[in-house]
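As a plain string of letters, each chain reads:
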Amino acid sequence: MRSGSAGAVLLCLCFISSITSIDASLYNSTDDVVILDHTNFTATVHGTENAWVVEFYSSWCGHCIQFAPTWKLFGRDVRDWEHTIKVGVLDCSVDENVPICREHEIMGYPTVKLFAARTTKGDIGSAVPHLTTVEQLGEAVTDFLVEKQKANSGSKSWADLQPYKGTVQTLLESVSGAEWAVLVIDKTKSHTAWALLMDLAGYPSIVVRYKDADQDDVKQFGTAGLPAVMIVSKDGKEEVLNDAGKSRDEMRTAIMKKLMLNREMLGKKTSSVKEDREGAGDGQPEEINKDKLNYGDDLPDTAFTSMERNDQVFMVDIENAVSYAISHEVAQHKVIKGEKLLALQEFLDILVRYLPARPQVHSFLSKFHHYTLNHGNSIEGSKVNEVISSLQNKDSVLPSQQPWVGCAGSEPKYRGYPCGLWTTFHVLTVNSVLQDGAKKFYRPLRTVKAIHGYVKHFFGCSYCSEHFQAMYAEDAESSIKVADDTILWLWRGHNKVNKRLKGDASEDPQHPKQQFPSPGACPSCWQGENFSEREVLTYLKTIYAKGALSFRGTQIIPIPPRNRQEKVQQQLDGYRQHSQVLISHQDNKLSRDQSPQNNGSWSFTNTDISLCVLLYGASTIIIMAVYCSVVIRRKMRRRKFLETYKLPMHFAAQ
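Computed from a predicted structure; not experimentally measured. (Residues numbered from 1 in each chain as written. Predicted model: local features only at pLDDT ≥ 70, side-chain atom pairs only at ≥ 80, totals over all residues. Heavy atoms only, no water.)

**Re the overall build of the protein**
For the protein, the count of helices and strands is 21 helices and 13 strands. Counting all 654 residues of the protein, 46% fall into the buried class. Accessible surface computed for the protein: about 35,000 Å², of which carbon and sulfur atoms make up 55%. (Helix = DSSP H or I, 4+ residues; strand = E, 2+ residues; numbered from the N terminus. Buried < 20%, exposed > 50% of the residue type's maximum accessible area, 1.4 Å probe, protein only. Areas by Shrake-Rupley, 256 points an atom, 1.4 Å probe, with all protein chains shown as cover.)

Given below as structure tokens:
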């Protein structure tokens, strides 16, 4: 019965997870793209005769949300090119897709990669430079296809993009069953001609090629007359389309009208009915420690206990950001070494020093930091999640993803991780100053420098990362001189980002970008239309201090007892460890015969230990009761024996 209930709960969780994944995706089945994931990427992309152009994106990435409308338009623009190349998308923010993104060395979002025909495992694809228009993307694709054909790395099923050397008459004769031959004549390496050829190559009744204009063509059509379109029918009638226009769309329309072609001849299903659910990016305005909260010491907790503010900061948003950063962003890198490894070590160092994490979370961060310092000169990204699992127990936890609270968006694709990361950065700068700012060894630039290192090497949104790096290079080292400068520099930078992204496609309509703090949140922070930085500093130290963080929404993690109770707990832990040493040999032997999930530690809880103590006490009482009962009964039998045979009492006493 218990197993059935667990199965039902697991099924529900999987169902909810799948729904969340769908809702957060930037694309859906109504778009002219193939949605790829960990279940179909290999079978769909590898070994096919057609090439692929795939956008690797993250659903939380603001620039990906901004780019999504362009990619959708591109997919629609080249939807008739499937005879040669197909358009796909893969969401790297989905945990199950991380190995694919890591294997293809996706270090930032969005990343567009091209894959040739018959690609195999290990081929990471050819990266396309950052392009912003449909036309630029189309040109990059045709350039790739032309080069592959030139190197004999294409496929016979591809449209032939190499320059044609013969006449339009011989072109028709070269393909059996064709009713028309179309020859597009234009200057060398004409993207217009290549794109037009790709548009028409899927129609079975025609053969279409591209010809570099020679001197005779220039003499016949004139430079202004290019590109030119020549058509010949199977009965040998040759014609120049004088009214074809000069753009790709104009020429395609004229040719299809002349030859009476329509898209239904391509044999693809078309539908004018779209699902009610739209993908994101449709062009609408959308978004893009050491102190351990005093746990374990003799001081009372300073954890948040008062009423929440309108601008309340939530621990769950910080834990979500840190968890995603480590288990996803860091783990996605194929190999972490050199400058990247140093950046990771420095970022973990300030998390351990200044993040007011719960004790179990702090313990995990300390262990993971120690691992990065002592593992050697490099860390394989594929091993990071294994390390995360091995470092976790009841006293060391990296919380799994929890529902966002302060950083929740109006839809799953909005806010979330970027918001949580900014929150974490502000908490780090404020608490570094509050904790160590007055000490002689404090280096004001250290915290911001570590944050910059993480953003530079691990933050997935490449566009956002580049802007942050530029902001740091502009004035961070020159303007951060004293402790409070650390807090104010990050605050100014955050407001620069808010100003740049206001009205951007990545903006959540229900949470518009604005300069913070708003006049409503901090009236004293404003002097007319300008900020009072002194008041802003006080405000930031108030809302991001460890005692101001709300724990609403965080997963329940058992809190270890403190003071006297803590000592008792330590003693019980010592007894438990001693017993584990005694049975370790037998336990290791059994673990080799059992499944991997049974190879962990005993993981006794406080309830387990209390039950053991209770049973031990009860057993002792029972044993003593049995012993007393036996002794009393023996004395009774002896007395009865003496009375029966009337032995003298003094003799009996002897």
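**Remarks on the environment of Lys-546**
Within the secondary structure, Lys-546 is located in the loop between α18 (533-543) and α19 (563-592). In this structure, the C-alpha to C-alpha distance between Lys-546 and Leu-434, residues 112 residues apart in sequence, is 9.5 Å.

**Some thoughts on the packing of aromatic side chains**
Per the stated rule, a full pass over the model turns up 23 aromatic pairs. Pairing Trp-194 with Tyr-210 gives two aromatic rings, centres 6.0 Å apart and planes at 75°, and the pair type is edge-to-face. Here Trp-194, found in helix α7 (residues 191-200), pairs with Tyr-210, found in strand β7 (residues 206-212); they are 16 residues apart in sequence, far enough to count as distant. With respect to burial, Trp-194 and Tyr-210 carry one shared label: buried. Feature note: the residues Phe-347, Trp-422, Phe-425, Tyr-454, Phe-458, Phe-468, Tyr-472 and Trp-489 constitute an aromatic cluster, connected by ring pairs. (Phe/Tyr/Trp six-rings, centres within 6.5 Å; stacked < 30°, edge-to-face > 60°.)

**Describing the pairing of strand β2 (residues 51-57)**
For β2, the buried fraction is high: seven of the seven residues fall into the buried class. On β2, burial covers both faces: Ala-51, Val-53, Glu-55 and Tyr-57 on one face and Trp-52, Val-54 and Phe-56 on the other are all buried.

**Focus: α7**
Each turn of an α-helix holds 3.6 residues, which means side chains three or four residues apart point in the same direction. In terms of burial, α7 is largely enclosed, as eight of its 10 residues are buried. For α7, the set of buried residues is Ala-193, Trp-194, Ala-195, Leu-196, Leu-197, Met-198, Asp-199 and Leu-200.

**What about the sheet that holds strand β3 (residues 85-91)?**
Remark on secondary structure: sheet strands pair via backbone hydrogen bonds, oriented parallel or antiparallel. A sheet is described by the order of its strands in space; here five strands give the open sequence β1-β3-β2-β4-β5, paired in mixed fashion. Pairing within the sheet leaves two strands with one partner each, and these edge strands are β1 (34-36) and β5 (126-128). The mean angle between the axes of side-by-side strands here comes to 30°, regardless of whether they run parallel or antiparallel. Packing against the sheet, helix α3 (residues 62-77) makes contact with β2, β3 and β4 (111-115), and its axis sits at approximately 160° to β2. (Pairing = 2+ DSSP bridges. Axes fitted to C-alpha atoms, helices over the stretch in contact; angles between N-to-C directions. Contact = heavy atoms within 4.5 Å.)

**Section: the nonpolar core**
With 144 residues, the main nonpolar core has Phe-56, Trp-71 and Tyr-454 as its most contacted residues. Looking at which element gives the most residues to this core, the answer is helix α11 (residues 339-354), with nine residues. The residues contacting Phe-56, other than those within four sequence positions of it, are Phe-41, Leu-90, Cys-92, Ile-100, Cys-101, His-104, Ile-106, Tyr-109, Pro-110, Thr-111, Lys-113 and Phe-115. One finds Tyr-164, Ala-181, Phe-221 and Ala-228 within the second-largest nonpolar core, a separate group that totals 14 residues. (Core = buried A, V, L, I, M, F, W, Y, C linked by side-chain atoms within 4.5 Å.)

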